[in-house]
Amino acid sequence: MEIIDLRIFHNSKEALGLLNAMAGYYYFDSKIKYIVNKKWMTDFLLDQQIPFLNIVHINSFFDLKIIYGSTVILPIQRSKIDIILLRLFRQIKLTTFVHDLHFLSKQDLLKKEFVGKNIFLKKYIYLFVIYFTDNILVNSDIVKRQLKIILKKDSVRNTLKRVFLLDKSESDSNKKENRTIDYFLPLSTREYKGIWVLDRLIFENKNSTILVDDKYFNKVNSLLIIKNPYIKIIKRDLTKDSDLAKAYSSSKATLCLSRYEGFGYIPYEASSFGSIPFVFNCSAYIEIPDDVFLKLRIAKNVIIPTLDHLLFTDKMEVYSRKHIVHSYK
């Protein structure tokens, strides 16, 4: 039996993308089970249409007998002490996902994300788990190579699916959505995910309409307006998957401006809703053909091309299906 341990997460918003990917594992292997110890975890999995029989509740150390003989899969290279002890006493096998090696990077943008005493300790926990685990799963060839070259560890490529849980009526509405927005600009609190480059962007279409999450509106407006005085920036609350789906469906293109990615779902998400994905030609995106993810060049001024002669292609949609699932309530 293979079983994913979700107990490293503190709440449903801490790492929603990663949680969603772990729920998406069910769509790759319907026999997979999940270890939980909080009600929100159970609710989250049930909302993602994971059967209750696939959910294993662990409330004390003694409950762990249920998983003896299993392979426990860690969502990232971090583990609860009880799982480490079970592995030490050979009661389980251990597999971990390694999505990237950002925590080892010396690049300035990434180092900002890994500072302080807690992060210093986390770095060594991550390394311990990577060296201690029986098997390592990765999402991209670039991380597979990095693990081999930097840490001398073998790994296996694994495809994770990101699930969009939608009402059927929402899906039908999205298909009919007019693409009145030129570019959707997804961002994150992590600067390297896009904020780092906003003051370098120059839109060839000077009257472009750009959609952003309302919590980033002020930041985006102050930085983009420097070189693009005539653009129009629209804000929406994009908390829910249904809101995010509508954002993709109403945008002709999506700007995925992350500087470092071990994998990166956003361009696949965009493609799954018919929005043309733009990425920088770096990190894991190098592996993707240029006609699937349209590539931008990193420079002092980053030119965002007009969309007049660009079309969404079947190839973009085919690639998205490997990683994105649209599930209906």
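Coordinates for the structure precede this section.
Just so it is clear, the model here is predicted, and its values are computed rather than measured.

About the criteria used
- Residues numbered from 1 in each chain as written.
- Predicted model: local features only at pLDDT ≥ 70, side-chain atom pairs only at ≥ 80, totals over all residues.
- Heavy atoms only, no water.
- Core = buried A, V, L, I, M, F, W, Y, C linked by side-chain atoms within 4.5 Å.
- Buried < 20%, exposed > 50% of the residue type's maximum accessible area, 1.4 Å probe, protein only.
- Contact = heavy atoms within 4.5 Å.
- Phe/Tyr/Trp six-rings, centres within 6.5 Å; stacked < 30°, edge-to-face > 60°.
- Helix = DSSP H or I, 4+ residues; strand = E, 2+ residues; numbered from the N terminus.
- Lys NZ or Arg CZ within 6 Å of the ring centre and 35° of its normal.
- Pairing = 2+ DSSP bridges.
- Axes fitted to C-alpha atoms, helices over the stretch in contact; angles between N-to-C directions.
- Salt bridge = Lys/Arg side-chain N within 4 Å of Asp/Glu carboxyl O.

Enquirer: Sorry if this is basic, but what is going on with the nonpolar core here?
Expert: Grouped burial of nonpolar side chains is what soluble globular proteins tend to show. With 61 residues, the main nonpolar core has Leu6, Tyr25, Tyr34, Leu45 and Leu147 as its most contacted residues. The residues touching Leu45, leaving out its near neighbours within four places in the chain, are Leu6, Ala23, Tyr34, Val36, Ile50 and Ile55. With 35 residues, the next largest nonpolar core counts Leu187, Leu224, Leu296 and Val302 among its residues.

Enquirer: Any chance you could explain the packing of aromatic side chains here in plain terms?
Expert: Here the distance between the centres and the angle between the planes together describe a pair of aromatic rings. Within the structure shown, the criterion is met by 15 aromatic pairs. Look at Phe103 and Tyr126: their rings are 5.0 Å apart centre to centre, the planes differ by 85 degrees, and that puts the pair in the edge-to-face class. Of the two residues, Phe103 is situated in the loop between strand 5 (93–97) and helix 4 (108–111) and Tyr126 in helix 5 (residues 117–132); the sequence distance between them amounts to 23 residues. Like Phe103, the residue Tyr126 is buried in the burial classification. Plain terms: the ring middles of Phe184 and Tyr248 are 5.2 Å apart, the flat faces sit at 80 degrees to each other, and that makes the pair edge-to-face. Taken together, the residues Phe184 in strand 9 (residues 181–184) and Tyr248 in helix 9 (residues 241–249) connect sequence positions 64 residues apart. Classification of Tyr248 as buried rests on a relative accessible area of 0%. Among the aromatic residues, ring-to-ring pairing joins Phe263, Tyr265, Tyr268, Tyr285 and Phe293 into one connected group. When the ring centre of Phe132 is taken as origin, the NZ or CZ atom of Arg87, which lies over that ring, is 5.2 Å away. The ring of Phe217 has Lys235 lying over it, and the distance from NZ or CZ to the ring centre is 5.0 Å.

Enquirer: Honestly, the sheet that holds strand 14 (residues 276–280) in this entry has me stumped. Any pointers?
Expert: Working definition: the strands of a sheet are paired by backbone hydrogen bonds and lie parallel or antiparallel to each other. Taken together, 6 strands build an open sheet; the order of strands is 12-11-9-13-14-15 and the sheet is parallel. Bordering the open sheet on either side are strand 12 (232–236) and strand 15 (294–296), each of which pairs with just one other strand. This sheet shows a mean twist of 30 degrees between the axes of neighbouring strands, independent of strand direction.

Enquirer: In this structure, what is going on with the pattern of salt bridges? I would like to understand it.
Expert: Here the idea is simple: oppositely charged side chains can pair when their charged atoms come close. Enumeration according to the criterion identifies 14 salt bridges in this entry. Between Lys39 and Asp43 there is a salt bridge, with its nearest N and O atoms 2.7 Å apart. Here Lys39 pairs with Asp43, and both are found in helix 2 (residues 39–47), just 4 residues apart, close to one helical turn. Overall, the relative accessible area of 31% leaves Asp43 in the partly exposed class. Overlapping salt bridges, with partners in common, bring together Asp5, Arg7 and Asp82 in one network.

Enquirer: Explanation requested: the environment of Lys152 in the structure shown.
Expert: Looking at the secondary structure, you find Lys152 in the loop between helix 6 (141–150) and strand 7 (156–157). On the basis of relative accessibility, which here comes to 64%, the residue Lys152 falls in the exposed class. Sequence separation between Lys152 and Tyr192 is 40 residues; the distance between their C-alpha atoms is 27 Å.

Enquirer: What is the right way to read the sheet that holds strand 5 from this model?
Expert: Within the open sheet, the 7 strands sit side by side as 3-2-1-4-5-6-7. Their pairing is parallel. Edge positions in the sheet fall to strand 3 (55–57) and strand 7, since each has one partner strand and no second. Sheet analysis places strand 4 (residues 71–74) next to strand 5, joined by 4 bridges and oriented parallel. Note on strand 5: the bridge partner recorded for Leu74 is Thr96. Across the sheet, helix 6 is in contact with strand 6 (135–138) and strand 7; its angle to strand 6 comes to roughly 145 degrees.

Don't take any of this as a statement about function, it's just geometry.
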